[in-house]
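# Examining the three-dimensional arrangement
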Amino acid sequence: MDKMYTKARAKINLSLNVLDKRPDNYHNLESIFQKISLYDELYIEKNEQDGIEIYTNIENLPEQDNIIYKAYFKLKEEKPKIKGVKVILKKNIPTQAGLGGGSTDCASFILAMNKLYDLKLQNEDLIKIGKSLGADVCPCYFNVAVKGEGIGEIITPIDANFKFYCVVIKPEISCSTKNMFEKLDKTLHLRQREMSTPIERALKTQNIALLCDNLYNVFEDVINEKEIISNIKNELLQNGALGALMTGSGSAVYGIFKSKENAKKAYKILKKKYETYICTSFNRKSTF
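Residues numbered from 1 in each chain as written. Predicted model: local features only at pLDDT ≥ 70, side-chain atom pairs only at ≥ 80, totals over all residues. Heavy atoms only, no water.

## Examining a nonpolar patch on the surface
On the surface, Tyr5, Tyr43, Tyr55 and Ile88 cluster together into a nonpolar patch covering about 380 Å² of accessible area. Its place among the elements puts Tyr43 in strand β2 (residues 27-47). Judged by its relative accessible area of 37%, Tyr43 falls in the partly exposed class. (Patch = residues over 30% accessible without salt bridge, like charges linked within 9 Å, V, L, I, M, F, W, Y side chains within 5 Å. Areas by Shrake-Rupley, 256 points an atom, 1.4 Å probe, with all protein chains shown as cover. Salt bridge = Lys/Arg side-chain N within 4 Å of Asp/Glu carboxyl O. Helix = DSSP H or I, 4+ residues; strand = E, 2+ residues; numbered from the N terminus. Buried < 20%, exposed > 50% of the residue type's maximum accessible area, 1.4 Å probe, protein only.)

Below you can see the structure in the form of structure tokens.
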């Protein structure tokens, strides 16, 4: 095998609590991650010369700032036999949106390299490498709903196959994950709601009302543009969503719909005003 094509799917957070800051400056969290059908595309091809070439449809993205670039050299540390590789990355997932675009690209690249070069990396190896590259990389290895704990490296797959429809809106504002965590650290006496347990139950029982009643993201409490996020949530609800939430550290907001027809109606209306995507939840056997 000399080349591979893979889809790197976006994620949404159905719940997100940030528990505390660690001595290494990462944060312990508890979150339910759900993959969705929106994806980036990666074309990966072996190259006999050492090094990595990355070509992407995103303008002005320095190669060294791409997490795939960092992942290649991390893999090279672990497995020096790796030769060069050429990567064509077609970005469809909006950036700085809380949809895990960079993390899922990284996870998909690592899994593809494991197959392409027959690296024989085991689960624990993949988790170790993913953890070293970013907090959301480990959950993004999985194409099922998972509960993530620690900095995201403690993963519990959720035995569910719940298909629901969602409309995702990316407002014009963007959010830096680093800045959002800094805001959280400066917010005193912030009370968080533990919603992972009912959400996990909702996924397992395919109870959409229970799911939508318990969506929670602590970052909604600290984002500066609360009014923008609130207005988008209200518009999603007014157009038929059963629940709406900002995902990750922002700024994308999604609404969950009972049917494809309802989601399509909302999408047609909202795309006239916002950068809008229509998706389904995505559940497939774990990549591992």
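## Comments concerning the state of the cysteines
On inspection of all chains with the given rule, the structure shows 0 disulfides. For Cys140, which is in no disulfide, the shortest distance to another cysteine sulfur is to Cys106 and amounts to 9.0 Å. With a relative accessible area of 4%, Cys140 lands in the buried category. The thiol of Cys175 is not disulfide-bonded; the next cysteine sulfur, from Cys140, is found 18 Å away. (Disulfide = S-S within 2.5 Å.)

## Observations concerning helix α6 (residues 196-205)
Every α-helix carries 3.6 residues per turn, so stepping three or four residues along brings you back to the same face. Taken together, the buried positions of α6 are occupied by Ser196, Pro198, Ile199, Glu200, Ala202 and Leu203. On its buried face, α6 sits against β1 (3-21), β2, β5 (146-150) and α7 (208-213). Gln206 occupies a position one or two residues after α6 and carries a positive phi of about 55 degrees. (Contact = heavy atoms within 4.5 Å.)

## Concerning the packing of helix α1 (residues 67-78) against helix α3 (residues 123-133)
The N-to-C vectors of α1 and α3 enclose an angle of 135 degrees; their axes lie 10 Å apart at closest approach. Between α1 and α3, the angle falls in the class oblique. Handedness of the α1/α3 crossing: right-handed. Across from Ile67, Lys70, Ala71, Lys74, Leu75 and Glu78 in α1, the residues of α3 making contact are Lys128, Ile129, Ser132 and Leu133. Taken together, the residues of the contact of α1 with α3 break down into 5 nonpolar, 1 polar and 4 charged. (Axes fitted to C-alpha atoms, helices over the stretch in contact; angles between N-to-C directions. Parallel < 35°, antiparallel > 145°, perpendicular 65-115°, else oblique. Left-handed = near helix turned anticlockwise from the far one by under 90°. Nonpolar A, V, L, I, M, F, W, Y, C, P; charged D, E, K, R; others polar.)

## Focus on the packing of α1 against helix α2 (residues 101-116)
As a packed pair, α1 and α2 sit with axes 9 Å apart at the nearest point and diverge in direction by 35 degrees. The crossing of α1 and α2 is right-handed. Here Ile67, Ile68, Ala71, Tyr72 and Leu75 of α1 lie close against α2, whose contacting residues are Gly102, Asp105, Cys106, Phe109, Ile110 and Met113. Each residue belonging to the contact of α1 with α2 can be placed in one class, and the counts come to 9 nonpolar, 1 polar and 1 charged.

## Details of the nonpolar core
Grouped together as the largest cluster of nonpolar side chains are 57 residues, with contacts concentrated most on Leu14, Leu203, Leu211, Phe219 and Leu236. Grouped together as the second largest cluster of nonpolar side chains are 40 residues, Tyr69, Val85, Leu119 and Cys140 included. (Core = buried A, V, L, I, M, F, W, Y, C linked by side-chain atoms within 4.5 Å.)

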